[in-house]
Amino acid sequence: MHRTRVYAVLIDTPEAQAAEAASFWSAALGAAARVDKREPQFTVLPDALPGLVTVVQSVDDAPRFHIDIETDDVRAETARLLALGATEVSDWLECRTLRAPGGHLLCVVPVHSDPDYFAAHAHTWP
């Protein structure tokens, strides 16, 4: 048995336009932009979407949106999503990038939320 919840919405933006995109989304969503000093490819937009982390991510790829699903068992959640029809694209540290049917990307990541918040809002899978 494991638990999951949608953790983040990421606005993937080509590197050359990332700063401009972060300014736009900050103004559009009414959230101050804050570059993550540990991982500067991420510009966080705190409280832009209540209950979710919202980030402009600088990528070496096409613009798109993707979600991160946090879980207390990355292996089990990855297996569950693969059984539903996703395909594995890559892995990085403890994170797995998948492609859902229809082509959308999603990442399966370890729990990043406050443990009490995660426990209160996560879905439990058999």
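Residues numbered from 1 in each chain as written. Predicted model: local features only at pLDDT ≥ 70, side-chain atom pairs only at ≥ 80, totals over all residues. Heavy atoms only, no water.

A. The environment of His-112, seen in detail. Topologically, His-112 is positioned in the loop between β8 (105–110) and α3 (115–121). Taking the C-alpha atoms as reference points, His-112 and Glu-70, 42 residues apart in sequence, are found 7.0 Å from one another. Only 2.6 Å separates the side chain of His-112 from the backbone oxygen of Pro-110, close enough to count as a polar contact. (Helix = DSSP H or I, 4+ residues; strand = E, 2+ residues; numbered from the N terminus. Polar contact = N/O pair within 3.5 Å; in protein donor to acceptor, adjacent residues only side chain to side chain.)

B. Region of the structure containing helix α2 (residues 74–83). Among all positions of α2, only Val-74, Glu-77, Thr-78 and Leu-81 are buried. For α2, the arc enclosing every buried residue in end-on projection is 100°, short of the 170-degree limit, so these residues lie on one face. Across α2 from its buried face, at more than 90 degrees, point the exposed residues Arg-75 and Ala-83. Summarising the contacts, the buried residues of α2 are in contact with β1 (2–14), β5 (64–71), β6 (87–92), β7 (95–99), β8 and β9 (123–125). Positive phi appears at Gly-85, one or two residues downstream of α2, with a value of about 120°. (Buried < 20%, exposed > 50% of the residue type's maximum accessible area, 1.4 Å probe, protein only. Arc of directions from axis to C-beta. Contact = heavy atoms within 4.5 Å.)

C. Representation of the side chain of Glu-70. Assignment of secondary structure puts Glu-70 in strand β5. On the basis of relative accessible area, Glu-70 is assigned to the buried category, the value being 0%. In terms of polar contacts, Glu-70 uses its side chain to reach the side chain of Arg-5, at 2.7 Å. Among the polar contacts made by the side chain of Glu-70, one reaches the side chain of Ser-113 at a distance of 2.5 Å. Beyond its immediate stretch of four places on either side in the chain, Glu-70 contacts Arg-3, Thr-4, Arg-5, Tyr-7, Val-109, Pro-110, Val-111, His-112, Ser-113 and Phe-118.

D. The pairing of β6, seen in detail. Both β6 and β7 contribute to a ladder of 5 bridges, which runs antiparallel. From the neighbouring strand, Thr-87 faces β7, where its bridge partner is Arg-99. In this antiparallel pair of consecutive strands, β6 and β7, the connection spans 2 residues, and Leu-93 shows a positive phi of 50°. (Pairing = 2+ DSSP bridges.)

E. Layout of the pairing of β8. Extensive coverage of β8 is indicated by the burial of 6 of its 6 residues. Inspection of the sheet shows β5 paired to β8 by 5 bridges, in the parallel sense. Paired with Glu-70 across the bridge in β8 is Val-109. Taken together, the 4 bridges between β7 and β8 define a ladder with antiparallel strand orientation. Its bridge partner lying in β8, Leu-98 is registered against Leu-106. Linking β7 back to β8 in an antiparallel pair, the connection comprises 5 residues, with Gly-102 at a positive phi of about 100°.

F. Highlighting helix α1 (residues 18–29). The first and last C-alpha atoms of α1 sit 16 Å apart over 12 residues, in line with the 16 Å expected at 1.5 Å per residue. Buried residues belonging to α1 abut β1, β3 (42–44) and β4 (53–59). Downstream of α1 by one or two residues, Gly-30 has phi in the positive range, about 70°. (Expected span 1.5 Å × (residues − 1).)

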